[in-house]
There are 2 protein chains.
Amino acid sequence: MIVAEKTSLKTMANAIRALSMDAVQAANSGHPGMPMGMADVATVLFSDFLKYDPKAPKWADRDRFVLSAGHGSMLIYSLLHLTGYERPTMQDIKDFRQITSPCAGHPENFKLEGVEATTGPLGQGFAMAVGMAIAERHLNAHFGSDLVDHKTWVIAGDGCLMEGINHEAVGLAGHLGLGRLNVLWDDNGITIDGGTELSTSEDIPARYKASGWHVVSCDGHDFDDIRKALREAENDPRPSLIACKTIIGYGAPTKQGTSATHGAPLGDEEITGTRAALDWDEEPFVIQEDVLASWRRLGEKGAAERDAWNVRLQNSSEAAEFERRMSGALPVGNAMKEYLEGLAADQPKVATRKASEMALGAITAVIPEMIGGSADLTGSNNTKTSSTKPLTKDDYSGRYIYYGIREFGMAAAMNGMALHGGIIPYGGTFLVFTDYCRGAMRLSAIQNTRTIYVMTHDSIGLGEDGPTHQPIEHLQSLRAMPNMLVMRPADAIETAECWAIALKNENGPSTLALTRQGLPSLRHDVSVNLCEKGAYLLKAADGKKSVTLIATGSEVSLAMDVAAQLEANGQGADVVSMPSIELFDVQPDAYKNQLLGGDEILRVSIEAGTTFGWERYTGLAGLRFGIDSFGASAPIDELYAHFGLTADAITPQILAKLS
Amino acid sequence: MIVAEKTSLKTMANAIRALSMDAVQAANSGHPGMPMGMADVATVLFSDFLKYDPKAPKWADRDRFVLSAGHGSMLIYSLLHLTGYERPTMQDIKDFRQITSPCAGHPENFKLEGVEATTGPLGQGFAMAVGMAIAERHLNAHFGSDLVDHKTWVIAGDGCLMEGINHEAVGLAGHLGLGRLNVLWDDNGITIDGGTELSTSEDIPARYKASGWHVVSCDGHDFDDIRKALREAENDPRPSLIACKTIIGYGAPTKQGTSATHGAPLGDEEITGTRAALDWDEEPFVIQEDVLASWRRLGEKGAAERDAWNVRLQNSSEAAEFERRMSGALPVGNAMKEYLEGLAADQPKVATRKASEMALGAITAVIPEMIGGSADLTGSNNTKTSSTKPLTKDDYSGRYIYYGIREFGMAAAMNGMALHGGIIPYGGTFLVFTDYCRGAMRLSAIQNTRTIYVMTHDSIGLGEDGPTHQPIEHLQSLRAMPNMLVMRPADAIETAECWAIALKNENGPSTLALTRQGLPSLRHDVSVNLCEKGAYLLKAADGKKSVTLIATGSEVSLAMDVAAQLEANGQGADVVSMPSIELFDVQPDAYKNQLLGGDEILRVSIEAGTTFGWERYTGLAGLRFGIDSFGASAPIDELYAHFGLTADAITPQILAKLS
C-alpha cells in the first residue's frame, strides 16, 4: 500500500461516492447505489491489483477491467478521472448524461479510453470478459509471457448473474479454465424491484463451484478483507467469483441498503446527510487536493511496469507481428486473389456454407489471428478448417472453440476477443438462432467490433427441420440494425468476396447468411470484388429491358431462371444480385438508379424471407416475392413450390403485371 | 404394471425405436438418436406416471408433457400413435417431415393434439414447462384439487440444459417451489459436435441443487431403476431433475453412443443391424399386434380418471367459471367501455406506460385470468395493479410474478401459461430487451399463444440511459415477424384501445410499445375503437390537403405540431395515427388508399426508430423521418432535437419537398 500514509482508502473511496451521487443528482437521472456500494472494493482493485497506466490506455498488456453492471457508470468515470486518464475531465463528469459528455448513461467504449466494453445490457459485460480472458491466454500461448501476461477483472451485479447468458459465460470460462478471470460480485441483495428474495433463491457460490469456479467472499467495506479475497482469487488457478458483501448506496443515511438508491438521484436532503455520514465536506465536484494526489499516485504506479514491457517488446523477435495483430491490420498477401482465381476456373456448385468453409480454408491459413467456432453446429456451419485446431484448457494456442450450445455466450465472447484486440473472431449457428444472440450482435454493432457471424441454414431452403428452424424475418430485422453489415452471397465466388469484405470491415460486425442447399455457380469474372457495391448487374437483359429482377443469395439463381422465362416471352430482364443492402444504400444515386432502372421498368424482388422492407428497392409499383408467414417442414423443392418461389409461379405474375 | 404380463416393456419401447429409425430413414432426414435413447424412459413415463387420455387430448386436468428436446420428435409421434391418439396415424408417421403430414421435423402444437408446445429451439420447451407448472399451481389455488391437480413432465437434452435460458427457468422454478415439475434429462453425454466434454465441465446436478431442485439419477435402460427414480421425483416437494443415463441411438450396433446417431438417418445396413440387435422382426411401420394392443391398453387407463374428474366438474359450483377460463373466452362486461368514457372526460396527459397501468387497473379487476409480471422493472413497466398481488411459493393464488432479471425465461414462462390454458399472461421489460427474449416471442407467434408483451421505454424518448437502452430497429424488426401484433399507441385512449385488441387477439401474441415520457391527450371520441383498423384519420387537413403525415406513438403529437406549421404555411395536412401496421395492412385497399392519399399527395412517416420499411406507406416519393443510427445519452428534448425529430426541423423539409 503506497498511499495509506497520505490518505485513508476510505476517504479515497468516498471521493467516488461523492462524485457519483453528485453527478447523478446534477443529471437528475442515473444510478448512485452501485458506485457507492462498490467504491471500497473498486478502490482496492485499482490500488493493489489492477495493472493499468492512465497515460497509455491502449497498452496491450494492461489488465482488462469491465464494469458489467454498466448502470453504475459513475464508478468507472470516477475511477478514470481520479487515476488520471485524460478523459473524463471534471467538466465531463459534471456533464454526466448530457449529449456533449463522454460520460454517457452507460459506459461506451467508443467514447472513452479506459472503458473496455460498452455495458448496460445485463450479463454481457461479464460474458465479454470471458472472451477477453480467452484472448489473453491465446495470445500468451503464441507470444509468451513477456508480451502477454495480464488479467481480466469484472464488476458484476445480481442482474448480471441472474441473466441466462451468465450460465453460458460461467460454463465456458469454467470449461476453459480461465484462471486469470476474476469477477467481483456486488452482493448487495437488492434489485430494482426490491430484495433479491423477491425473485431468486439460488445459492450462487454453489452454482459457480459446480462449473469449476473458485469462490471466495469478503466484506465489501473492509479493506483488509477485500484485499485478502482478491489475493486469494489471483492465486487460484480457476476463474474466481469474489462475493463482495456490500451495502447498496453505502453512506446514504436513510436510503442505503434499499432499492431506492439503485436508479434514481438521492435528492438534496439525502445527499447532505451522506456528506455528513461520510465526513465529506467538499462542494459537489470538488476533490480535496491530498485525496486527488493520492489517487493520481496510484495512477502513476503502472508506468514502470509498462516501461519494462516496452523494453521486452522492443527486444522481442515477434514485436512486428504482435503489433500488427494488435493494430487490427490484416497481413499482406494474395491468398484471396489466388483462391478466387481457382474458383473462377473450377466453378464449383456448392452450398454457400460449404463455399464459406472453402474460403475460410484459404483465409485462416494466412490470417493467424482468426479464431473460429460454432455453438455446437460445427459440421453444419462449416466453420472449422485444417488451420484451426481446438483451443482447449490444455492448449490455448488452438484457434477453434467448441462453444457448446451457447449462442449468446459465444457471440458475447467473440465481442470480448475483438475488444481485447489481436484476434478476429468468427463463429456460427443457424440464422434463425440469431434470435438467441441478438443482444450480443447489437453490442457488436454499437461497439464497432469486427465480429463475424457465420449464419447458415438461411431460409426455408434448409427443408425438413420446419418453421422453428427457418428464418423468415431475420434477414430484414438484422439489416434494420444500425452498423450491422449483412451479406447474403449467391455462389462460391460471392461468398469469397463477402468474406474479404467482412475481414476489411474493421469498425463493425458482419453477418454472412449462408445456405444449407447447393447452389449453381453464377459468376466467372473475379477481377473486381463486385459485392463491394452491395449490388451489381449479374445479367443484362436480352433485348429491350422491361424488368429488373433483384435477388439475394439462393434466389439469385432462381431470378436467372425467371429472367430466362421472361425473355422467352419477349420481356427483357436484368438480373441484379444484391448481396448487401447496406453496401448498396451508400452507393451514389446515379449508380443505384441506373442499376435498378427508372419508373418505366418493373422492379421485382425475390428473397426467401419476409417481403417487409423490399419496397425500398421495388417501389410500391413493383412486385415482391417472398414469404410472409412461417415456414413448414418438407423437402426443399416442395417448400419452394409451396411458397410460390419457383420460376413457373413467379414468371406469370410478372407477365401479368407487365401487360 | 398392467401390461407386463402381455408384452415386455422393452418390446414396447422397441416399437418407438423402430418407428423412429424407420421414419427418419424414409424421410432421409431427422434425429433417430434421442428417441432410441429415451424410449425406455418414455415408456415408463407413459405407462406408470403420466395422466392422459388419448380420447380427450384437451382434458383440462391432464398432465402436461413437453418434449423440450424437440429434434427427437419421432419420440412423441410414436407415443401419440401407439397410445391411441386420433393423429398421428401410421400414414402420418410414414410421411414424417412431408408437407402433408402433421409429423413435422419438430413437434408443432398447432398440428397435433397431444403436442403441448412447439419445441426445437433449445431450452424453451423446458422453460415453457415452468410456465405450465405455474399455471397449474395458480389454478389449483383458485379452483382446488378437485378440478386442478396435475403434473408437468419434460424430456430435455444436454442442449436444453446448456442454453442460458435454462438458468433462468431453473432459477424461477426453484424459487417458486414448483414441485410438480419433473424433468427427465437425457444424460447421454453426446452433443452434435461430439462428446459433451468438448464444451462443458459442469456438475449439472450440483447446479440444480444450488437452485433448490431435487436431483435423482437412474439407468435409463433399467425399467425398475427408472420407475424408482420417477417415483422419488413425484414424491419430492421440490422440482425434480431426473438424470437418465442413456445411450444415444440405443440398439444401433455400430453407431449407438456416438453423435453419428444424433441428426442423420442410420442407413439401411445399420437399421438391419438394429432390428437384429433389438430382436425386432417387423417390416418398417408395422407394429406387432400384441405390442400395439399393450400400448393401446396403456392409452385407455386414463379414461376412468377423466370420468371421475368430469363428475367432479359437474358437481362443482365453479364449473362455469373454470370452463370459461379454460376456453379462453373473456368475461362479459363493460369495464373497458366505462374506463374509456372516463378517459374521454378526463383527457389525461400521461406516458403510455402509465396509461397502460391505468388500463390494466380496470382490466385486471374484471379479468381474473390475467397474470402480470416484469423482469425486474415493475415500477418502470407499470405492470402491477391493485388486483395483482404477488404469486409466491407460499401463495400461488397471486397474480403478479416477480420474474427477476430473466427476460427470456419470463417470456417462455408466459408462453407456457398461455399454452396451459386458463391464464392470460402479460409481462414487461424495456423494448430494447426484446433482443433478450426474441426467441420466445417468436415461439409465441408460431404457437399462436395469447401472450402480451408490455414493452416500455420504446424510443430515444427514454433519454439519458443512452444507446444500449434505446430501441432503434426493434419496432420494425418485430413487425417483420409473422403473427406478431405490434401496437404503439399515441395517448391514453389509444393505449386502452390497444389493450382491448390484445385481449381479443386470441390466436397470437401482442406487443405493446409504450413510452417512458408523458404525452398529450389527442383523442376525444371513444365510441369506436379506432385502433382496430390499424390506422385512422386523427386530424383532417385544414383546407386543400397536400400532405399525409403518418406517425405512431409518441410521434403522433409531433405530427400534429408539424401539421399546424404546415398549415400556417398554407399546406393542408392530414394526420394519420398508425398504432398498428399489421392491422392496417389487412384493411381493404379502398380504405388504405383513401387514408394515405393518392400520388398527388406527399406521404410522410414520422417514427423515432429506423426508417427501414416505411417506404411501404410513404412510397419512394415520400419522406421518412426517423433514426437510422444508434441513439445517445441526453435529456429527451435534446435528443429529439439532435436527431432532427422536431416540428421545426421536419416542417421545412416537407415544405421544400412540396415546392
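Residues numbered from 1 in each chain as written. Chains lettered and ligands numbered in written order. Predicted model: local features only at pLDDT ≥ 70, side-chain atom pairs only at ≥ 80, totals over all residues. Heavy atoms only, no water.

1. Here we look at the sheet that holds strand S6 (residues 214-219) of chain B
All names here are of chain B.
- Strand order in the open sheet made by the five strands is S1-S2-S3-S7-S6, with parallel pairing throughout. Among the strands making up the open sheet, the edge pair consists of strand S1 (64-67) and S6. Taken pair by pair, the neighbouring strands of this sheet meet at an average axis angle of 20°, ignoring direction.
- Here strand S2 (residues 152-156) runs beside strand S3 (residues 181-187); their pairing, made up of five bridges, is parallel. Bridging from a neighbouring strand, Ile155 pairs with Leu184 of S3. (Pairing = 2+ DSSP bridges. Helix = DSSP H or I, 4+ residues; strand = E, 2+ residues; numbered from the N terminus. Axes fitted to C-alpha atoms, helices over the stretch in contact; angles between N-to-C directions.)

2. Comments concerning the UniProt feature "domain: Transketolase-like pyrimidine-binding" (unreviewed entry) in chain A
- With numbering aligned to this structure, UniProt lists the feature "domain: Transketolase-like pyrimidine-binding" (unreviewed entry) at residues 350-521 of chain A.
- Note that residues 350-521 of chain A is 38% helix and 16% strand, and that its end C-alpha atoms are spaced 8 Å apart. (UniProt positions renumbered as here; feature names shortened; annotations may be inferred.)

3. Regarding the packing of aromatic side chains
- Scanning the entire structure with this criterion turns up 36 aromatic pairs over all chains.
- A centroid spacing of 5.7 Å and a plane angle of 85° characterise the contact between B:Tyr426 and B:Trp499, whose relative ring orientation is edge-to-face. Of this pair, B:Tyr426 sits in strand S10 (residues 424-430) while B:Trp499 sits in helix H20 (residues 492-504); the two residues are 73 residues apart in sequence, bridging distant segments of the chain. In this structure, B:Tyr426 and B:Trp499 share a single accessibility class: buried.
- Ring pairing ties together the aromatic residues A:Trp59, A:Phe143, A:Trp309 and A:Phe322, which thus form one cluster.
- One cation-aromatic arrangement involves B:Lys384 over B:Tyr400; the distance from NZ or CZ to the ring centre is 5.7 Å.
- Above the plane of the ring of B:Tyr591 lies B:Lys533, whose end atom (NZ or CZ) is 4.8 Å from the centre. (Phe/Tyr/Trp six-rings, centres within 6.5 Å; stacked < 30°, edge-to-face > 60°. Buried < 20%, exposed > 50% of the residue type's maximum accessible area, 1.4 Å probe, protein only. Lys NZ or Arg CZ within 6 Å of the ring centre and 35° of its normal.)

4. A short note on the interface of chain B and chain A
- With 97 residues of chain B at the interface, the matching set in chain A holds 96 residues.
- The contact between chain B and chain A buries some 8100 Å² in all, and 58% of this surface belongs to carbon and sulfur atoms.
- For the chain B face of the interface with chain A, the top three residues by lost area are B:Tyr436, B:Arg442 and B:Phe612, together amounting to 10%.
- Counting every contact that joins chain B to chain A gives eight salt bridges.
- Put simply, chain B and chain A have 50 residue pairs in polar contact (both at pLDDT 80 or more) between them.
- The biggest single contributor to the side of chain B that touches chain A is helix H18 (residues 434-447) of chain B, with eight residues.
- The residue makeup of the side of chain B that touches chain A, split by class, is 36 nonpolar, 37 polar and 24 charged. (Contact = heavy atoms within 4.5 Å. Buried area = accessible area lost by both parts, 1.4 Å probe. Salt bridge = Lys/Arg side-chain N within 4 Å of Asp/Glu carboxyl O. Polar contact = N/O pair within 3.5 Å; in protein donor to acceptor, adjacent residues only side chain to side chain. Nonpolar A, V, L, I, M, F, W, Y, C, P; charged D, E, K, R; others polar.)

5. Some points on the side chain of A:Asp376
- Tracing the sequence through the fold places A:Asp376 in the loop between strand S8 (370-374) and helix H16 (378-381).
- Buried and unpaired, A:Asp376 has no salt bridge, with A:Arg406 as the nearest side chain of opposite charge at 9.1 Å. (Lys, Arg positive; Asp, Glu negative; His and termini not counted.)

6. Some thoughts on helix H3 (residues 73-83) of chain A
Residue and element names in this part refer to chain A.
- Most of H3 sits out of view: 11 of its 11 residues are buried.
- Restricting attention to buried positions, one finds in H3 the residues Ser73, Met74, Leu75, Ile76, Tyr77, Ser78, Leu79, Leu80, His81, Leu82 and Thr83.
- Contact partners of the buried residues in H3: helix H1 (9-27), helix H2 (33-49), strand S1 (64-67), helix H4 (90-94), strand S2 (152-156) and helix H11 (289-300).
- Remark: Gly84 follows H3 within two positions and exhibits a positive phi of approximately 105°.

7. Here's the deal with the UniProt feature "active site" (unreviewed entry) in chain A
- Mapped onto this structure's residue numbering, the UniProt feature "active site" (unreviewed entry) falls at A:Glu407.
- Within the secondary structure layout, A:Glu407 lies in helix H17 (residues 407-420).
- Look at A:Glu407 and you get buried, because its relative accessible area is 4%.
- Apart from residues lying up to four places away in sequence, A:Glu407 is in contact with A:Glu168, A:Ala375, A:Thr429, A:Phe433, A:Tyr436, A:Cys437 and B:Glu163.

8. Observations regarding the side chain of A:Asn166
Residue and element names in this part refer to chain A.
- The topology assignment puts Asn166 in helix H7 (residues 164-175).
- Take Asn166: its relative accessible area is 0%, and that puts it in the buried class.
- There is a polar contact of 2.8 Å between the side chain of Asn166 and the side chain of Tyr208.

9. Structural notes on the nonpolar core
- Membership of the largest hydrophobic core comes to 81 residues, with the highest contact counts inside it found for A:Phe126, A:Val130, A:Leu178, A:Leu181, A:Tyr208, A:Trp213 and A:Met417.
- Counting residues per element, this core draws most heavily on helix H5 (residues 124-143) of chain A, which supplies 11 residues.
- The contacts of A:Val130, once residues within four sequence positions are left out, are A:Ala169, A:Leu172, A:Ala173, A:Leu178 and A:Leu181.
- Among the nonpolar cores identified, the runner-up in size contains 70 residues, and B:Trp185, B:Leu419, B:Leu431 and B:Cys437 belong to it. (Core = buried A, V, L, I, M, F, W, Y, C linked by side-chain atoms within 4.5 Å.)

10. A short note on the relation of the copies chain B and chain A
- Mapping chain B onto chain A leaves a residual RMSD of 0.0 Å; the transformation is a rotation of 180° accompanied by 0.0 Å of translation along its axis. A rotation of that kind, with that shift, is consistent with a two-fold axis.
- A symmetric contact is evident, with 99% of the interface residues of chain B recurring at the interface of chain A. (Least-squares fit on C-alpha atoms with pLDDT ≥ 70 in both.)

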